[in-house]
Amino acid sequence: MARFPVTGEISADADALLARLGIADDRLTGTREAVTPLTGEVIARVADMDAPAVQDAIGRAHSAFLEWRMVPAPRRGELIRLFGEELRAAKADLAALVTLEAGKITSEGLGEVQEMIDICDFATGLSRQLHGLTIATERPDHRMMETWHPMGVVGVISAFNFPVAVWAWNAALALVCGNSVVWKPSEKTPLTALAVDAIFARAAVRFGGVPEGLSTLVLGGRAAGEALVDDPRVPVISATGSSAMGRHVGPRVAQRFGRAILELGGNNAAIVCPSADLDLTLRAVAFAAMGTAGQRCTTLRRLMVHDSVYDALLPRLKSAYASVSVGDPRAEGTLVGPLIDAGAFEAMQVALEAARAVGGVVTGGERLGAEFALDGYYVRPALVEMPAQTDTVAAETFAPILYVLRYSDLADAIRLNNEVPQGLASAIFTTDLREAERFLSAAGSDCGIANVNIGPSGAEIGGAFGGEKETGGGREAGSDSWKAYMRRATNTINYGSSLPLAQGVTFDV
Ligand code: UN1
């Protein structure tokens, strides 16, 4: 039996958590309301920063960078190692706050904090591996090499749905690379950001102190974000959010020749082939499409099912949708918590209506539990059988809607996979080697993430994370994503006493 939180029951829990996480009282005053999606009640108030205050923070971050860049990288790694330790100690409380502020179920809240810990471990090791190449030169008595240097202040703009992990992917790498960080979190999730700021401060004390302003938090709305995006003292802006947001941020950063790392919308698909293991497929689809209440950028939004397995898979999928437990994300057994707010619920209803208007057959999608949590938006995830990939299917709606399409030829399914504006994550379910390899080939999925027999969401941090087209092209987290936070200098050294010029040019004065 699903349980829904009752309006009024969250505030006391939230107060205790905020105190345990060490957020100073003076940071919990102001006019911006921090709202829990569990019930819609206000659980705290915080202060917005205006543009001059953001500029001041950037000035301090810039000064911090000038010192920090001279600290040896492995020593910088030690700060991140300590931060990882502090995160381990605070894991349960921070995860509980993620649940209260973003509505994630307990296991996913814990997973999000684990993702922060993982990137800290990765970045600590990386701090001893910021390698450049040594390159063969064409000139005698010369040596050529490359050196990687920090960029400066890295601005991080993050979204509500991963309120702390996305910052951590960026900040852990940026800091070991020798940069300072200014973080503008979503205005929907200021409390988790304040908690992380307090946890980081504890690591900084154990480290023996860090330059003032090395990692700063700027709370606020659009004005605060724009002040960060437009400031020439911020050479790198890493922004996670909608493609609409990226369309503003990208050109503004480019205008001043800054570097943007964009991680924007996804409209992720999976293809279910005739040979697919349907038990495994069902579980993978359920997590990828309904997990995080459909509010991951990697959420599975489109499912292309081969004609030959459609009738075997669809009824099972429908019963999983009908029975998945929706409700209080803190309660054991709940798999789907609330949407972030009324706006998300309305966008979901608009998309479902548009799908119906073009022949989509919708199951689910209705609001649940409104009699308990007046302003908590709980929905039954929606499964929509679509006759074709219409405009509604091609748009990302940040809600648990899975559009299902039939296909008969793999070439068509791959075409559908690619025929949307976004290019983040994708998957194929098959036990046929040829199909799997074709999907992963240059003529296969055009996404930054392409998986076999795993859903499109839930990537681990060891790989580079991001995607193409309207997803923005940025890469974060593992592999060599660190290079985006550094500048490369090519160094040529002449240790001889003549001056041979490259390309055989002579210039004798
Ligand atoms: C996001 O939704 O912005 O791959 C990030 C995943 C997570 C990260 C999602 N590791 O689903």
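These figures come from a predicted structure and were not determined experimentally.

Rules used throughout
Counting from 1, residues in each chain are numbered in the order their sequence is written. Residue-level local features of this predicted model are given only where pLDDT is at least 70; pairs of side-chain atoms are given and counted only at 80 or more, and the full residue set underlies all totals for whole chains, interfaces and linings. Working from all heavy atoms in the structure, the side-chain values ignore hydrogens and water. Only runs of H or I of at least four residues qualify as helices and only runs of E of at least two qualify as strands under DSSP, and these elements are numbered from the N terminus. The reference for a compact globule is 2.2 Å times residues^0.38; the radius of gyration itself is calculated from the C-alpha atoms. Each residue is assigned to one of three classes by its accessible area relative to the maximum for its type, calculated with a 1.4 Å probe on protein chains only: buried under 20%, partly exposed between the two thresholds, exposed over 50%. Contacts are residue-level and defined by heavy atoms, with any inter-residue pair within 4.5 Å sufficient. Surface exposure here means Shrake-Rupley accessible area, sampled with a 1.4 Å probe, where a residue is shielded only by the protein chains that are shown. His is not counted, nor are the chain ends, whereas Lys and Arg count as positive and Asp and Glu as negative. Charged side chains are reduced to one point each, which is NZ for Lys, CZ for Arg, CG for Asp and CD for Glu. Strand pairing follows a simple DSSP-based rule, namely that at least 2 bridges must link the two strands. Orient the strands so they point away from the viewer; a crossover is then right-handed if the path from the first strand over the helix to the second runs clockwise. We call a residue near a molecule or strand as soon as one heavy atom of that residue lies within 4 Å of the molecule or strand. The definition of a polar contact used here is a pair of N or O atoms within 3.5 Å, where within protein one atom must be able to donate a hydrogen and the other to accept one, and adjacent residues in sequence count solely through side-chain atom pairs. We call Asp, Glu, Lys and Arg charged. Ala, Val, Leu, Ile, Met, Phe, Trp, Tyr, Cys and Pro are nonpolar, and the rest, Gly among them, are polar. Think of a nonpolar core as a cluster: buried Ala, Val, Leu, Ile, Met, Phe, Trp, Tyr and Cys residues, connected wherever their side-chain atoms sit within 4.5 Å. Side-chain rings of Phe, Tyr and Trp, where Trp is taken by its six-membered ring, are said to pair if the distance between their centres is within 6.5 Å; with planes under 30 degrees apart they count as stacked, over 60 as edge-to-face, and otherwise as tilted. To sit over a ring, a charge needs its Lys NZ or Arg CZ within 6 Å of the ring centre and within 35 degrees of the ring normal.

Draft legend 1. Geometry of the overall build of the protein chain. Looking only at helices and strands, the protein chain has 14 helices and 23 strands in total. On C-alpha atoms alone, the protein chain measures out to a radius of gyration of 24 Å, which is about the 23 Å that the 2.2 N^0.38 rule sets for 509 residues. The C-alpha extent of the protein chain, read off along each of the three principal axes, is 80 × 60 × 35 Å. Within the span of the protein chain, comprising 509 residues, buried residues form 55% of the whole. When contacts within the protein chain are restricted to residue pairs at least 6 apart in sequence, long-range pairs at least 24 apart make up 76% of them. Of the roughly 20,300 Å² of accessible surface on the protein chain, 54% is carried by carbon and sulfur atoms. Averaged over its 45 positive side-chain charges, the protein chain has a centre that lies 3 Å from the centre of its 59 negative ones.

Draft legend 2. The pairing of strand E5 (residues 153-157), seen in detail. The buried fraction of E5 is high, at five of five residues. The side-chain alternation of E5 yields two buried faces, one formed by Val153, Gly155 and Ile157 and the other by Val154 and Val156. Where E5 lies against strand E6 (residues 180-184), five bridges are found, and the strand directions are parallel. Bridge pairing in E6 links valine 156 to tryptophan 183. The parallel pair E5 and E6 is bridged by helix H5 (residues 165-176), and the resulting crossover is right-handed. Strand direction decides the pairing type here: E5 and strand E8 (residues 236-240), joined by four bridges, are parallel. In the sheet register, valine 154 faces E8, and the bridge partner there is valine 236.

Draft legend 3. Geometry of the site of the ligand. Near the ligand, the surroundings consist of Glu115, Asn161, Phe162, Trp169, Glu263, Arg296, Cys297, Thr298, Ser457, Gly458, Ala459 and Phe465. Within the backbone of glycine 458, an N or O atom sits 2.8 Å from an oxygen atom of the ligand. Contact with the protein chains hides 99% of the accessible area of the ligand, taken as 320 Å² for the molecule alone. Each residue belonging to the shell around the ligand can be placed in one class, and the counts come to five nonpolar, four polar and three charged.

Draft legend 4. Quick peek at the nonpolar core. Counting 142 residues, the largest nonpolar core has Met116, Trp167, Ile271, Leu303 and Leu402 as the members making the most contacts within it. With 13 residues, helix H3 (residues 73-102) is the largest single contributor of residues to this core. Ranked by size, the runner-up nonpolar core spans 19 residues in total, among them Ala61, Val182, Leu228 and Leu262.

Draft legend 5. Examining the packing of aromatic side chains more closely. Counted by the stated rule, this structure contains 10 aromatic pairs. Seen from their ring centres, phenylalanine 4 and tyrosine 378 are 5.1 Å apart, and the 80 degrees between their planes marks the pair as edge-to-face. Separated by 374 residues along the polypeptide, phenylalanine 4 in the segment before helix H1 (11-20) and tyrosine 378 in strand E14 (residues 378-379) bring together distant segments of the chain. Three or more aromatic residues link up through ring pairs in this structure, and these residues are Phe83, Trp167, Trp183 and Phe200. Geometry around phenylalanine 162 places lysine 104 over its ring, the cationic atom sitting 3.3 Å from the centre.

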